[in-house]
Amino acid sequence: MFAPVLSLLFAASALAAPALKIAGCSVAHKQLTVPTGQTQLVVPSTTTPSFVGIGVGVQNYTCSAAGTFTNVGAVAELVDISCADSSKYASLTQSVFDLWQRAPESLTTQKLIQDLSPIDPIFKQPIILGQHFFVTNPITGSGISPKWDFTSASLQGHSDAFVVGAKVGDIVAPSNSGTNIDWLMLNAAQGNLASNVFRVETRGGQPPASCTPGSPDISVKYASQYWLFGGSFSH
Ligand SMILES: *[C@@H]1O[C@H](CO)[C@@H](O)[C@H](O)[C@H]1NC(C)=O
């Protein structure tokens, strides 16, 4: 995967640098579909999508004194799906999740992503967009905030290619909400990777309904689509 690195170097060193384009396809004209009859998830009208990926990873939970699970973050790897037809996005997300669900405990998300080509030819040479994880809330200094960080993968060398999100919208998953985690809309609180992030088409990630206080933290496998809008890096 040398070509993307070279084109980044070239774009960065050109005098009148064209809009930065990493490997993959433009998603500017892809349409994010959100459920009708709700006001939480609002597709931006003044920006276009810049990245669309499938996140594959785990949601972490701790057991509260009340005997219910509380989310304590997540960690996921984002694989690019920009070159697939958007009519296939939901089924690609489902297929990635099915493989991840069946994978042995020892299989990492990085390894899983290298082996997705039976699902679709776009995964023959998978593009890792970056990582999703949690950091201390950079605004308040307490609690945790979700971060999408492409600085170690598709946008290596661009130290501002990350976004820390603040949740502005949340709806239960339109189907199987006992199994599938909520769909979300976030605004950027920090970073130049995007101005908005959406988590949609979730698969898995929900904890059991109750737990025994004092029991260890758990990790629940999930996959979802992440749509990033705006930001200074187009794709
Ligand atoms: C979530 O759990 C995984 C192990 O399953 C761990 O690698 C990761 O660091 C945890 N992340 C957070 C934010 O708790």
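Here the structure is a predicted model, which means the values were calculated and not measured.

A.B. asks: Where do I start with the pattern of salt bridges in this structure?
C.D. replies: Scanning the entire structure with this criterion turns up three salt bridges. Note that Lys167 is salt-bridged to Asp170, the shortest N-O span being 2.9 Å. By relative accessible area, which is 51% here, Lys167 ends up exposed. On the accessibility criterion, Asp170 (27% relative accessible area) is partly exposed.

A.B. asks: What exactly am I supposed to notice about the site of the ligand here?
C.D. replies: Close to the ligand lie Asn60, Val72, Ala74, Val75 and Ser219, which account for all nearby residues. Contacts to the ligand include Asn60, whose side-chain N or O atom sits 2.5 Å from an oxygen atom. Within the contact set of the ligand, an oxygen atom lies 2.7 Å away from a side-chain nitrogen or oxygen of Ser219. In isolation the ligand has 360 Å² of accessible area, and contact with the protein removes 45% of it. The element that contributes the greatest number of residues to the shell around the ligand is strand E2 (residues 69-80), accounting for three residues.

A.B. asks: What is the right way to read the nonpolar core from this model?
C.D. replies: Counting residues in hydrophobic clusters, the biggest one holds 32 residues, and the most contacted among them are Leu41, Phe198 and Trp227. Among the elements that make up this core, the one with the highest residue count is helix H2 (residues 89-102) (five residues). If we ignore the near neighbours within four places in the chain, the residues touching Trp227 are Lys30, Gln31, Leu32, Pro49, Phe51, Val52, Tyr89, Asn196, Val197, Phe198 and Val200. Val163, Leu186, Ala194 and Cys211 belong to the second largest nonpolar core, which has 24 residues in total.

A.B. asks: Any chance you could explain the packing of aromatic side chains here in plain terms?
C.D. replies: For any two aromatic rings, the description comes down to two numbers: the centre-to-centre distance and the angle of the planes. A complete count under the given rule lists five aromatic pairs for this structure. The interplanar angle of 70° and the centroid separation of 5.9 Å between the aromatic rings of Tyr89 and Trp227 together place this pair among those described as edge-to-face. Pair noted here: Tyr89 is in helix H2 and Trp227 is in strand E8 (residues 218-229), with a separation of 138 residues, a long-range link. The exposure class of Tyr89 is buried, given its relative accessible area of 2%. Sitting over the ring of Phe162, Lys147 keeps its end group 4.5 Å from the ring centre. Sitting above the plane of the Trp100 ring, Lys221 keeps its charged end 4.2 Å from the centroid.

A.B. asks: What exactly am I supposed to notice about the sheet that holds E2 here?
C.D. replies: The pairing of strands in a sheet comes from backbone hydrogen bonds and takes either a parallel or an antiparallel form. In spatial order, the strands read E1-E2-E3-E4-E5-E6-E7-E8; together these eight strands close into a barrel with antiparallel pairing. Averaged over neighbouring strand pairs, the angle between their axes works out to 35° when direction is ignored. Pairing analysis gives seven bridges linking strand E7 (residues 196-204) to E8, with the strands arranged antiparallel. Among the inter-strand pairings, Gly204 is bridged to a residue of E8, identified as Tyr222. Where H2 meets the sheet, its contacts fall on strand E1 (49-63), E7 and E8, and the angle it forms with E8 comes to roughly 155°.

Calculation rules
- Counting restarts for each chain: residues are numbered from 1 in the order of the written sequence.
- Two thresholds apply to this predicted model, a pLDDT of at least 70 for residue-level local features and 80 or more for giving and counting side-chain atom pairs, whereas whole-chain, interface and lining totals are computed over all residues.
- Side-chain numbers here rest on the full set of heavy atoms in the structure, without hydrogens or water.
- Salt-bridge detection follows one rule: a side-chain nitrogen of Lys or Arg within 4 Å of a carboxyl oxygen of Asp or Glu.
- Note on classification: 1.4 Å probe, protein chains only; a residue is buried when its accessible area is under 20% of the maximum for its type, exposed when over 50%, partly exposed between these limits.
- In these notes, residues near a molecule or strand are those with any non-hydrogen atom within 4 Å of it.
- The definition of a polar contact used here is a pair of N or O atoms within 3.5 Å, where within protein one atom must be able to donate a hydrogen and the other to accept one, and adjacent residues in sequence count solely through side-chain atom pairs.
- Here the accessible surface of atoms and residues is derived via Shrake-Rupley with a 1.4 Å probe, and residues count as covered only by protein chains that are part of the display.
- Strands here mean DSSP runs of E at least two residues long; helices mean DSSP runs of H or I at least four residues long; both are numbered from the N terminus.
- Side-chain atoms within 4.5 Å are what join buried Ala, Val, Leu, Ile, Met, Phe, Trp, Tyr and Cys residues into a set we call a nonpolar core.
- Pairs of residues are marked as contacts when any of their non-hydrogen atoms sit within 4.5 Å.
- Note on ring pairs: Phe, Tyr and Trp rings are taken, using the six-membered ring of Trp, and paired if centres are within 6.5 Å. Classes follow the plane angle, with under 30 degrees stacked, over 60 edge-to-face and the rest tilted.
- Charge-over-ring placement is defined geometrically: NZ (Lys) or CZ (Arg) within 6 Å of the ring centre, and within 35 degrees of the ring normal.
- Two strands pair under a simple rule: DSSP has to find at least two bridges between them.
- Lines fitted to the C-alpha atoms define the axes, with helices restricted to the stretch that makes contact. Angles between their N-to-C directions range from 0 to 180 degrees.

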